[in-house]
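Observations on chain architecture
Listed below are the residues making up each chain.
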Amino acid sequence: MVSNKTKGEIEEYLGQVPNWLEALSEPAADHSWGIVRDLEFGETELPNREKALASVAAATAMGCPYCIHFHKEEARLEGVTEDGITEAMNVAATVRYFSTILHGAETDLDEFREETTEIVDYIEEQEAAAAGAD
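Residues numbered from 1 in each chain as written. Predicted model: local features only at pLDDT ≥ 70, side-chain atom pairs only at ≥ 80, totals over all residues. Heavy atoms only, no water.

1. Regarding unusual backbone geometry
Even without glycine at this site, Glu 106 takes up a positive phi of about 50°. Along the polypeptide, Glu 106 turns up in the loop between helix 5 (82-104) and helix 6 (109-133). (Helix = DSSP H or I, 4+ residues; strand = E, 2+ residues; numbered from the N terminus.)

2. A short note on the nonpolar core
If you look at the biggest cluster of nonpolar residues, it comprises seven residues: Ala 52, Leu 53, Val 56, Ala 75, Val 80, Ile 85 and Ala 88. Looking at this core element by element, the count peaks at three residues for helix 3 (residues 48-62). If we ignore the near neighbours within four places in the chain, the residues touching Val 56 are His 71, Lys 72, Ala 75, Ile 85, Ala 88 and Met 89. Counting residues in each nonpolar core, the second largest holds five residues, with Val 2, Ile 10, Leu 21 and Ala 29 among its members. (Core = buried A, V, L, I, M, F, W, Y, C linked by side-chain atoms within 4.5 Å. Buried < 20%, exposed > 50% of the residue type's maximum accessible area, 1.4 Å probe, protein only. Contact = heavy atoms within 4.5 Å.)

3. Here we look at the side chain of His 71
Mapping His 71 onto the fold places it in helix 4 (residues 65-77). Of the polar contacts made by the side chain of His 71, one reaches the side chain of Glu 74; its length is 2.6 Å. Not counting residues up to four positions away in its chain, the partners in contact with His 71 are Glu 40, Ala 52, Ser 55, Val 56 and Ala 59. (Polar contact = N/O pair within 3.5 Å; in protein donor to acceptor, adjacent residues only side chain to side chain.)

Nothing here speaks to function; it is all geometry.
Structure follows, in structure tokens:
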């Protein structure tokens, strides 16, 4: 259960203290809220819109109906369109799909990393060449 101080802070952010917060063990409750407050709602390197999209993608990949619902609403609050939300879900599905293939094939991680470096180098060269052609 969160402390009274934390309850007041949550109410300021959310307009209420959701009842599921009672499921948090006391030693972790205030800290858990602090993580959400500071990382998801706070000023960080990523704009809130990007964090909301990352959250939609992660929730979709995990298949958590609670997280999916909350983070879709969060994304809508950040101005993400329904098409944008759908795209984030599709990107998550694609990552999960190829992760399954890579693991099933037991792809060598070192070789994968080398190939990825080569791909990044090639793309950067192509972009630099295109920029020079302008």
